[in-house]
Amino acid sequence: MAIEMLQIVGIGLIATFLVVLLKEHKSSVAFLLTVFVGCIIFLFLIDQISAILRMLQKVASDTNVNMVYFETILKIIGIAYIAEFASQISKDAGQGAIASKIELGGKILILAMAIPILTAIIETVIGLIPSSRG
């Protein structure tokens, strides 16, 4: 893992240096390089993401967690990461307003997906509260 991190940092620093040099003369190429390097770094992480997902699935099945909730949580995490990635690319392009809308869209989708989980939690908590019958 340390070697992978060094590779990611190396690629990131080299790209940063190149982007700084290119930005003055070829800003469109600099932006494309930024996006390209972001995608390359993401591809470096695919194996780690797969290992994490397999481990989480094993833990969920071993603990008898309802797979619907588990899958929903994974989708929520995915939406958060994708929204963050897209938002950062928009900010790099100088489009802060679009980045804000991407973030808002991600938050709304996360909330919409979380409603069944929140409902289940509320119902569980209410079920634990002793009822007072007069």
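Refer to the structure presented above.
Description of the structure in this document.

**A short note on helix H3 (residues 67–92)**
Next, step 1: The first and last C-alpha atoms of H3 sit 37 Å apart over 26 residues, in line with the 38 Å expected at 1.5 Å per residue.
Next, step 2: What H3 keeps buried is the set Phe70, Thr72, Ile76, Ile79, Ala83, Ser87 and Ser90.
Next, step 3: Of the surrounding elements, those touching the buried residues of H3 are helix H2 (27–62) and helix H4 (96–128).
Next, step 4: Between the side-chain oxygen of the N-cap and the backbone nitrogen of Val68 there are 3.0 Å, and the N-cap of H3 in question is Asn66.
Next, step 5: After H3 finishes, the residue Gly94 shows a positive phi value of roughly 80°.

**Some thoughts on the side chain of Thr72**
Next, step 1: Note that Thr72 resides in helix H3.
Next, step 2: Once residues lying within four places of it in the same chain are set aside, the contact partners of Thr72 are Met113 and Ile117.

**Quick look at the packing of helix H1 (residues 2–23) against H2**
Next, step 1: Between H1 and H2, whose axes approach to 9 Å, the crossing angle comes to 175°. One finds that H1 runs roughly antiparallel with respect to H2. Contacts between H1 and H2 involve Glu4, Gln7, Ile8, Ile11, Gly12, Ala15, Leu18, Val19, Leu22 and Lys23 from the former and Ser27, Val29, Ala30, Leu33, Thr34, Val37, Ile40, Ile41, Phe44, Leu45 and Gln48 from the latter.
Next, step 2: Split into classes, the residues belonging to the contact of H1 with H2 amount to 14 nonpolar, 5 polar and 2 charged.

**A word on the environment of Leu21**
Next, step 1: Along the polypeptide, Leu21 turns up in helix H1.
Next, step 2: Expressed as a C-alpha distance, the spacing of Leu21 and Lys101, which sit 80 residues apart in the sequence, is 30 Å.

**A closer look at the pattern of salt bridges**
Next, step 1: Summed over the entire model, instances satisfying the criterion amount to 2 salt bridges.
Next, step 2: Across the salt bridge formed by Glu103 and Lys91, the nearest N and O atoms sit 3.2 Å from each other. Pair noted here: Glu103 is in helix H4 and Lys91 is in helix H3, with a separation of 12 residues, a long-range link.
Next, step 3: Lys91 sits in the partly exposed class, given a relative accessible area of 40%.

Scoring rules and cut-offs
- Sequence order as written defines the numbering, with residues in each chain counted from 1.
- Per-residue local features are limited, in this predicted model, to residues with pLDDT of at least 70; the limit for side-chain atom pairs, both in listing and counting, is 80 or more; totals at the level of whole chains, interfaces and linings are taken over all residues.
- The basis for every side-chain value is the complete set of non-hydrogen atoms in the structure, without hydrogens or water.
- Going along the chain from the N terminus, every DSSP run of H or I of four or more residues is numbered as a helix, and every run of E of two or more is numbered as a strand.
- Any helix carries an expected span of 1.5 Å times its number of residues minus one.
- Using a 1.4 Å probe on the protein chains alone, a residue whose accessible area is under 20% of its type maximum counts as buried, one over 50% counts as exposed, and one in between counts as partly exposed.
- Whether two residues are in contact is decided by their heavy atoms: any pair within 4.5 Å suffices.
- Residues adjacent in sequence count toward polar contacts only when both atoms are side-chain atoms; beyond that, a polar contact is any pair of N or O atoms within 3.5 Å, and within protein one must be able to donate a hydrogen and the other to accept it.
- Comment: axis = line fitted to C-alpha atoms, over the contacting stretch for helices; angle = value between 0 and 180 degrees taken between N-to-C directions.
- Small angles under 35 degrees read as roughly parallel and large ones over 145 as roughly antiparallel, with 65 to 115 read as roughly perpendicular and the rest as oblique.
- Three classes are used, and their members are as follows: Ala, Val, Leu, Ile, Met, Phe, Trp, Tyr, Cys and Pro are nonpolar, Asp, Glu, Lys and Arg are charged, and the others, Gly among them, are polar.
- Whenever Lys or Arg places a side-chain nitrogen within 4 Å of a carboxyl oxygen from Asp or Glu, that contact is recorded as a salt bridge.

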